[in-house]
Amino acid sequence: MASTWLAVLGLACWAALAAALPDVPSVANFMRKATANAVVLGDFVYVDGGEMSQKVDGKVATFKDRDGINSTVSIDMSKSWTSDSVAMRTIKKQGPLKTNMQVWADRSANVFYSWGGKWIRGFNMTETALWKFAADGSGGGTWSVAPAANPSLLNTLHPGEFAAVAATNDSAFVMGGVASGWTEQFRAITQTLPGMATYNLSTRVWQNGTINFSPFDRIAGASAEFVPSFGPNGLIFAFGGFAPPADNPNPDFGASLNFDLQNLTFFDPQTKKTYSQVTTGDVPPYPRSEFCTAGFSDPSGRHEIFMFGGTNRRDKFAYNDSYVLSLPGFVWTKLPDSPDGVRTTQACVVVGNRQVLSIGGVDGFGKGYNDVDPAPQGLLLFDMVDQKWSHSYNASAPAYESPKAIQDLYSAG
């Protein structure tokens, strides 16, 4: 009984400490942020969830080295900035504090949704719900629960983390993931979530496609991208990840089946027909999970998908490399490594005309949250045309077009 009360007291102390710390510390006090999600709505990037470590009076200030983030943070992308000077606005959370959520945007309505994720230390867990953030167009917004049109089906779905997510103009697709007692109230064991769930943005109808239309039996730690310009309905591509054994109630992720990046699986979001294709070029090494991706369309009709970092759970190290996959050629090209070290569980979004913004990330097999990120405030940028890393965002950069090295791949063919 005494140990139980000590645990409760410890959580209470952690909650009080976390609430007192700033969600946007000074550049000097910032250490690490990871497992957050990011979306672009209008002129703003919204960053939500995750955990962060920071200093107070020169020392790590958080319970067990890191704590949750109590606010949604917005960054104005209408003006140029540098990572060590950018202003970030905090918006008090009205929903749960989590990490590793599944997030997707409905840009026509200027909203994004948050599903599942891991409750930080299991604190204040509540029943399953889909949350919606409505942006106000000025870098602010409000949170509310998004009720399902078919709540009985929603109640059969298990919220998890490490799922791959992609959204079209009318629907979101949540593939696989892992459910545990940290992601679902009263859940006793950790298990891989099979199949795929979908959510219609206009009708608010959920579907469980595990049996009928899922492209995967099991998948976790992967990334997904919607390519709208290919095929009559666009295509959703899945990258990397792993498939823990289905019959193991507490799976060893490091011993899982791993999906390589040479043989890609993709599907039509309307017909659900699944395809596969072998890629060529500088195929990224694997196993690889918990990395980030971002997509760019070229005026010529090509589409490039940027990939950065991630974890090799089998051999227990993190990556600092980056690649671009060019479609329709299915050719990988190696890009410069990040000068700011390895990182995993970071978020990536397309910003401006031609840059990728990478937010946060840690070395999961190194010091984790216990060292200072070389990238100020955890923000680093990659210019897809110049193919250079920097800590500077250029709001007036010219429009994206495939870099010459990629154009030459097609002219040579």
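Data block above holds the structure.
Residues numbered from 1 in each chain as written. Predicted model: local features only at pLDDT ≥ 70, side-chain atom pairs only at ≥ 80, totals over all residues. Heavy atoms only, no water.

Here's the deal with the overall build of the protein
So, step 1. What the protein contains, in helices and strands, is three helices and 37 strands.
So, step 2. By principal-axis analysis of the C-alpha atoms, the protein measures approximately 70 × 50 × 45 Å.
So, step 3. The buried share of the protein, reckoned over its 413 residues, is 55%.
So, step 4. Considering only intrachain contacts with a sequence separation of at least 6, the fraction spanning at least 24 residues in the protein is 59%.
So, step 5. When the accessible surface of the protein is summed, it comes to about 17,100 Å², and 52% of that surface belongs to carbon and sulfur atoms.
So, step 6. Here the protein carries 31 positive and 36 negative side-chain charges, and the mean point of each set is 4 Å from the other. (Helix = DSSP H or I, 4+ residues; strand = E, 2+ residues; numbered from the N terminus. Buried < 20%, exposed > 50% of the residue type's maximum accessible area, 1.4 Å probe, protein only. Contact = heavy atoms within 4.5 Å. Areas by Shrake-Rupley, 256 points an atom, 1.4 Å probe, with all protein chains shown as cover. Lys, Arg positive; Asp, Glu negative; His and termini not counted. Charge placed at Lys NZ, Arg CZ, Asp CG, Glu CD.)

Considering the state of the cysteines
Such a bond, covalent and formed between the sulfur atoms of two cysteines, is termed a disulfide.
So, step 1. Going through the model one piece at a time under the given rule, you end up with one disulfide.
So, step 2. Each sulfur in the disulfide pair Cys292 and Cys348 lies 2.0 Å from the other. Residue Cys292 is located in strand 29 (residues 292-297), and its partner Cys348 is located in strand 33 (residues 347-351); the two are separated by 56 residues in the primary sequence. (Disulfide = S-S within 2.5 Å.)

Let's talk about the pattern of salt bridges
So, step 1. In this structure the tally under the stated criterion is 14 salt bridges.
So, step 2. The shortest N-O distance in the salt bridge between Arg218 and Asp217 comes to 2.9 Å. (Salt bridge = Lys/Arg side-chain N within 4 Å of Asp/Glu carboxyl O.)

Remarks on the sheet that holds strand 9 (residues 88-92)
So, step 1. Strand order in the open sheet made by the four strands is 2-3-7-9, with antiparallel pairing throughout. The sheet terminates laterally at strand 2 (37-41) and strand 9, the two strands that pair on one side only. Adjacent strand axes in the sheet meet at a mean angle of 25° when their direction is disregarded. (Pairing = 2+ DSSP bridges. Axes fitted to C-alpha atoms, helices over the stretch in contact; angles between N-to-C directions.)

Brief notes about the pairing of strand 2
So, step 1. Across the five residues that make up strand 2, a large majority, five, are buried.
So, step 2. Neither face of strand 2 is exposed, since Asn37, Val39 and Leu41 on one face and Ala38 and Val40 on the opposite face are all buried.
So, step 3. As paired strands, strand 2 and strand 3 (residues 44-48) are joined by five bridges and run antiparallel to one another. Paired with Ala38 across the two strands is Val47, which belongs to strand 3.
So, step 4. The antiparallel hairpin formed by strand 2 and strand 3 contains two residues in its connecting segment, where Gly42 sits at a positive phi of about 65°.

A few points about unusual backbone geometry
So, step 1. For the bond from Tyr286 to Pro287, the omega torsion is 5°, close enough to zero to count as cis.
So, step 2. Along the chain, Pro287 falls in the loop between strand 28 (280-281) and strand 29.
So, step 3. Cis geometry marks the peptide bond from Leu327 to Pro328, where omega comes out at 15°.
So, step 4. Counting through the fold element by element, Pro328 comes out in the loop between strand 31 (317-327) and strand 32 (331-335).
So, step 5. The phi dihedral of Arg204 is positive, around 65°, even though this residue is not glycine.
So, step 6. Relative to the elements of secondary structure, Arg204 occurs in the loop between strand 20 (196-200) and strand 21 (206-208).
So, step 7. Among the residues examined, Arg204 registers a relative accessible area of 35% and is labelled partly exposed.

Section: the nonpolar core
So, step 1. Membership of the largest hydrophobic core comes to 19 residues, with the highest contact counts inside it found for Val45, Ile75, Trp81, Val351, Leu357 and Ile359.
So, step 2. Those elements that provide at least two residues to this core are strand 2, strand 3, strand 7 (71-76), strand 33, strand 34 (355-359) and strand 35 (379-383).
So, step 3. The dominant element in this core, judged by the number of residues it contributes, is strand 33, at three residues.
So, step 4. Leu157, Ala197, Tyr199 and Trp206 belong to the second largest nonpolar core, which has 17 residues in total. (Core = buried A, V, L, I, M, F, W, Y, C linked by side-chain atoms within 4.5 Å.)

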